[in-house]
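Listed below, chain by chain, are the residues.
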There are 2 protein chains.
Amino acid sequence: MSDFAIDFAKGQGLIPAIVQDWKTGEVLMVAYMNAASWAKTLETGKACFWSRSRKKLWLKGETSGHVQIIKEIYLDCDQDALLLKVEQVGGAACHTGYRSCFYRQIVNGQTQVIGKRIFDPKEVYGE
Amino acid sequence: MSDFAIDFAKGQGLIPAIVQDWKTGEVLMVAYMNAASWAKTLETGKACFWSRSRKKLWLKGETSGHVQIIKEIYLDCDQDALLLKVEQVGGAACHTGYRSCFYRQIVNGQTQVIGKRIFDPKEVYGE
């Protein structure tokens, strides 16, 4: 038995899971998990989320092949957030082809693209 | 004028803001922002969130003095999450006294404390 219980109730069934590159520490993305996606993540060893837009379980990388292999998992003080350290297969976490979803910096109220584009989304997802 | 608009609607007025140490890359915490706390963050240069439990604006560190000075801000692909790189005044982000809220690793279904305790919460917040 586990010595902890994740508090899914506070976020109406969903908690944020931050995904960080296990070697560089770069934050790649944040997504949501419900109890089923958390169970699936533990079962498969790959990051599985709940897609709020598609309203379904979302095995990250199931279309692109860019899955996230779980290396380490951390729990926060309130048991309502997770930090996943992963190996990002294919090098890019973002559906736009950038390595990180946080590929834009906000400077003086404007965005500046600072991220690295790894793939062309048209080639991966089709047009 | 800004060249972006944060999508607060998707999360019923709240978006997650990940806080990362600007030098080490350590993820310190994740909290929520509404439009008012985002405006306050920009205005003050210090991280300001929305406390879901207290239902009020929350200038991080207002009680403990452990404010977070904003160094860099990044926006994600869907405009519904932020990444803040900060200087953590006092060295600890977590109200439990640990440097990071993610001070416990989950290993084989059990938690292991791996974080570093910086202060005694009783001394900072009283008993």
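The structure displayed is predicted, hence computed values, not measured ones.

Undergrad: Go over the overall build of chain A, please, and point to the residues and values.
TA: From N to C terminus, chain A includes 2 helices and 8 strands. Listed N to C, the secondary structure of chain A is β-β-α-β-β-β-β-β-β-α in terms of helices and strands. At 15 Å, chain A has a C-alpha radius of gyration in line with the 14 Å of a compact globule built from 127 residues. The buried share of chain A, reckoned over its 127 residues, is 50%. Taking the intrachain contacts of chain A between residues at least 6 apart in sequence as the baseline, contacts between residues at least 24 apart amount to 39%. Approximately 6,100 Å² of chain A is accessible, and the part contributed by carbon and sulfur atoms is 49%.

Undergrad: Mind laying out the relation of the copies chain A and chain B, listing which residues take part and the relevant values?
TA: Between the two copies of the chain lies a relationship made up of a rotation around an axis and a movement along it. Laying chain A over chain B is done by rotating through 180° and shifting 0.0 Å along the axis; what remains is an RMSD of 0.0 Å. Taken together, the rotation and translation relating the two chain copies correspond to the operation of a two-fold axis. Of the C-alpha atoms belonging to chain A, the one lying closest to the rotation axis is found on G25 of chain A, 2.9 Å away. Most of the interface of chain A is mirrored in chain B, where 100% of its interface residues again form contacts.

Undergrad: Describe the interface of chain A and chain B, and please don't skip the residues or the numbers.
TA: By convention, interface size is frequently given as the accessible area that disappears when the constituent parts associate. Between chain A and chain B, the residue contacts involve 41 residues of the former and 41 residues of the latter. For chain A, the biggest contributors to the area lost against chain B are F102, R104 and I106 of chain A; these three give 19% of the whole. Scanning the region where chain A abuts chain B turns up 18 residue pairs in polar contact (both at pLDDT 80 or more). In terms of residues, the side of chain A that touches chain B owes the most to one element, strand 5 (residues 68–75) of chain A, which gives 4 residues. When its residues are assigned to classes, the side of chain A that touches chain B shows 21 nonpolar, 12 polar and 8 charged.

Undergrad: Got a sec to walk through the pattern of salt bridges? Specific residues and values, please.
TA: Opposite charge on two side chains makes pairing possible when the charged atoms of those side chains draw close. Residues and elements named next belong to chain A. The full count for this structure, using the stated rule, is 10 salt bridges over all chains. For the salt bridge of D80 with K10, the shortest nitrogen-to-oxygen distance reads 2.7 Å. With D80 in the loop between strand 5 and strand 6 (82–88) and K10 in the segment before strand 1 (15–21), this pair connects stretches of sequence that are 70 residues apart. Residue classification places D80 among the buried positions, given a relative accessible area of 7%.

Undergrad: An account of the packing of aromatic side chains is needed here, citing residue identities and associated values.
TA: Inspection of every chain in the model, using the stated rule, returns 6 aromatic pairs over all chains. The cationic tip of K71 of chain A hangs over the ring face of W22 of chain A; the distance from NZ or CZ to the ring centre is 4.6 Å.

Undergrad: Describe the pairing of strand 4 (residues 56–59) of chain B, listing the residues and the values that go with them.
TA: All names here are of chain B. Relative to strand 4, strand 3 (residues 48–51) runs antiparallel, the two sharing 4 bridges. Within strand 4, the position partnered with F49 by the bridge is W58. Linking strand 3 to strand 4, which pair antiparallel, is a turn of 4 residues; within it K55 sits at a positive phi near 55°.

Undergrad: A description of the sheet that holds strand 7 (residues 104–107) of chain A should follow, citing residues and the corresponding values.
TA: What the 6 strands build is an open sheet, ordered 8(A)-7(A)-5(B)-6(B)-1(B)-2(B); its pairing is mixed. Looking at strand neighbours, the two that pair on one side only are strand 8 (110–113) of chain A together with strand 2 (27–33) of chain B, the edges of this open sheet. Ignoring strand direction, the axes of neighbouring strands in this sheet form an average angle of 35°. Note that strand 7 of chain A and strand 8 of chain A share 4 bridges and pair antiparallel.

Undergrad: With reference to specific residues and values, describe helix 1 (residues 35–44) of chain B.
TA: When helix 1 of chain B is considered as a whole, its buried residues turn out to be S37, W38 and T41 of chain B. Looking straight down helix 1 of chain B, one finds its buried side chains confined to an arc of 105°; they lie on one side. As for helix 1 of chain B, its buried residues are in contact with strand 7 of chain A together with strand 2, strand 3, strand 4, strand 5 (68–75) and strand 6 (82–88) of chain B. Positive backbone phi, approximately 75°, marks G45 of chain B, located one or two places after helix 1 of chain B.

Undergrad: Which residues make up unusual backbone geometry, and what values do they have?
TA: Residues and elements named next belong to chain B. Even without being a glycine, K55 presents a positive backbone phi close to 55°. On the secondary structure map, K55 appears in the loop between strand 3 and strand 4. Here the phi dihedral of N108 falls at roughly 50°; this positive angle occurs in a residue that is not glycine. Along the chain, the position of N108 falls in the loop between strand 7 (104–107) and strand 8 (110–113). Taking the relative accessible area as the measure of exposure, N108 reaches 77% and is therefore exposed.

Definitions and limits used
- Residues numbered from 1 in each chain as written.
- Chains lettered and ligands numbered in written order.
- Predicted model: local features only at pLDDT ≥ 70, side-chain atom pairs only at ≥ 80, totals over all residues.
- Heavy atoms only, no water.
- Helix = DSSP H or I, 4+ residues; strand = E, 2+ residues; numbered from the N terminus.
- Rg over C-alpha atoms; globule rule 2.2 N^0.38 Å.
- Buried < 20%, exposed > 50% of the residue type's maximum accessible area, 1.4 Å probe, protein only.
- Contact = heavy atoms within 4.5 Å.
- Areas by Shrake-Rupley, 256 points an atom, 1.4 Å probe, with all protein chains shown as cover.
- Least-squares fit on C-alpha atoms with pLDDT ≥ 70 in both.
- Buried area = accessible area lost by both parts, 1.4 Å probe.
- Polar contact = N/O pair within 3.5 Å; in protein donor to acceptor, adjacent residues only side chain to side chain.
- Nonpolar A, V, L, I, M, F, W, Y, C, P; charged D, E, K, R; others polar.
- Salt bridge = Lys/Arg side-chain N within 4 Å of Asp/Glu carboxyl O.
- Phe/Tyr/Trp six-rings, centres within 6.5 Å; stacked < 30°, edge-to-face > 60°.
- Lys NZ or Arg CZ within 6 Å of the ring centre and 35° of its normal.
- Pairing = 2+ DSSP bridges.
- Axes fitted to C-alpha atoms, helices over the stretch in contact; angles between N-to-C directions.
- Arc of directions from axis to C-beta.

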